[in-house]
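Below, each chain spelled out in residue letters.
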Amino acid sequence: MSPKSPNVPNPLRLLSSGRLRSVGDGAFDGLGLLEYLFIEDSQLGFVSPGALRGLRGLQFLSLANNNLETLPRELLRDLGTLRHLDLRGNPLRCDCALRWLLAWGRARPSPPEGRCRAPLPHLGVALAQLRPQQLQCQRHELRPFQTLPFSSLGAASVSLGGQPWVFVAQPELSACALLEWDQLGGRFRAQSVVNGSSPVSCHPVVVGDTLFLVVAQLRGGSWVWRRSGSSFVRHQALGQGRLRRPHAVTSAHLGGHLYLGVADSSKGGASTVFRWASGAFYPQQALRPWRRDTHLEFLELGGRAALVACGAARRPQVFLWGAGGFAPHTDIPHVPDVYAAKHFRVEGNVFLCLTRFLGDAKVVMRWEGSMFREVQAVPARGSLVFQPLLLAGRRLVLLGNDFAPSRVLAAGAGGRLEPRQELPAPSPRAFVPVTAARRHFLLATSFKGATQIYAHVTEDIGT
């Protein structure tokens, strides 16, 4: 090896190359007079924070042509004599973890040598051209903001006139409540807008500039309400004779039409797809009679409208839009007890979050042209919510739990979920992102306790 060392007379040097993969704490103890250290052209991928401990005379350090993505903040802390650092040829990840290095380099005669390999905004950029402020050091967190003194079941939101409308189902109060932001008080308040009979879902739908509220009830039939002025009036009965025990409501615009899906969990009922036409929702198709469905999910697969139906008695079934209706396409194997399926997209791929009744894992699956395949199993007992959503521009998945803290996970590359934090949300049944006063919040309904609201907070943790 021919190290590119400074041309100085008789420096005390230590040279190393080959297959060195890591350097541990105190690796150079007893070499306090060492001035030049070269660990080059190796497979070095990790340097311990105390690796250079005691090198009080070190002036030149070269870690060139290795596999280093980052360096620990404490590595150079006591090296007051170090004048030059060579990191060329390493796949450096220029993010928050390296912000300290840029600040260190600004106080030296020459900045560290090397170029960023990631993330994309800094690809190929030399360390000498970066400022510490360019490396984002932000921590995202959800913090308790407000407790609403009532239990709730479902929640859903819609945007109309540039404003979010969030509705909460309150079975114990036999009402649907509208969540509003109080500008003067800087808090949320809930106002009952529709009185019903054990509503399990209060699902808002916008048609043109009119707001409708689909109220699925355990008693008294299900109804569609229309906003008129500052109140809501009954617009139509929904699915008379078809919906005996509605369990969940969903909607989507597919192929230029607005569809409404209601999952029915009664033994003799049938989940039904409705289509908006001539000012009302009309039954389009009955799905899976006698299946006791608990959830329907609209989505697009390969450019075609699709629907996933879930229930305890059968494996989840995927329907694709055909000649005038949804036709069975395939089922999802190995998960026969799915309570609900919620989808999200990452890098053009479609993923499903499957909430299971019994098993000890919630499953993430990816669509691969003709069927869904498992990507990841997330351990979780006692959970009936596994919900993807966008909050403050970040793709998150919320895993609710009845017996332990709920978990916040982030969807990374390939759709894999990584843990971020825990939430003390008691027995949650739905999570809904809410934006108010230019701030981001998360609503967590609870069937056994008070409804909780969390505020999204961003902190700069760099130095």
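Residues numbered from 1 in each chain as written. Predicted model: local features only at pLDDT ≥ 70, side-chain atom pairs only at ≥ 80, totals over all residues. Heavy atoms only, no water.

A. Quick peek at unusual backbone geometry. With omega at -10°, the peptide bond leading from Ala-118 into Pro-119 counts as cis. Checked against the element boundaries, Pro-119 lands in the loop between β8 (116-118) and β9 (138-148). Of note, the phi angle at Asn-65 is positive, near 60°, even though the residue is not glycine. Here Asn-65 is to be found in the loop between β5 (60-62) and β6 (84-86). Its identity is not glycine, yet Ser-198 carries a phi of approximately 55°, on the positive side. (Helix = DSSP H or I, 4+ residues; strand = E, 2+ residues; numbered from the N terminus.)

B. Quick peek at the pairing of strand β3 (residues 36-39). Of the two faces of β3, the one carrying Tyr-36 and Phe-38 and the one carrying Leu-37 and Ile-39 are both buried. The pairing of β3 with β5 spans three bridges and is classified as parallel. Directly across from Leu-37, in β5, lies its bridge partner Leu-61. (Buried < 20%, exposed > 50% of the residue type's maximum accessible area, 1.4 Å probe, protein only. Pairing = 2+ DSSP bridges.)

C. How the structure looks around the nonpolar core. Among the nonpolar cores identified, the biggest contains 32 residues, and Leu-37, Leu-52, Leu-61, Leu-71, Leu-76 and Leu-101 are the most heavily contacted of them. For this core, the elements supplying multiple residues, two or more each, are β3 and α1 (99-106). One finds Val-335, Ala-341, Leu-354 and Val-363 within the second-largest nonpolar core, a separate group that totals 18 residues. (Core = buried A, V, L, I, M, F, W, Y, C linked by side-chain atoms within 4.5 Å.)

D. Just the packing of aromatic side chains, in detail. By the definition in use, this model includes 17 aromatic pairs. Ring centres of Phe-38 and Phe-60 lie 5.5 Å apart, and the angle between their planes is 35°; this geometry places the pair in the tilted category. On the criterion of sequence distance, the pair formed by Phe-38 in strand β3 and Phe-60 in strand β5 is long-range, its members being 22 residues apart. Each of the two residues, Phe-38 as well as Phe-60, counts as buried. (Phe/Tyr/Trp six-rings, centres within 6.5 Å; stacked < 30°, edge-to-face > 60°.)

E. Layout of the side chain of His-456. Considering the arrangement of structural elements, one finds His-456 in strand β36 (residues 451-460). Classification of His-456 as buried rests on a relative accessible area of 14%. A distance of 3.1 Å separates a polar atom in the side chain of His-456 from a polar atom in the side chain of His-140. (Polar contact = N/O pair within 3.5 Å; in protein donor to acceptor, adjacent residues only side chain to side chain.)

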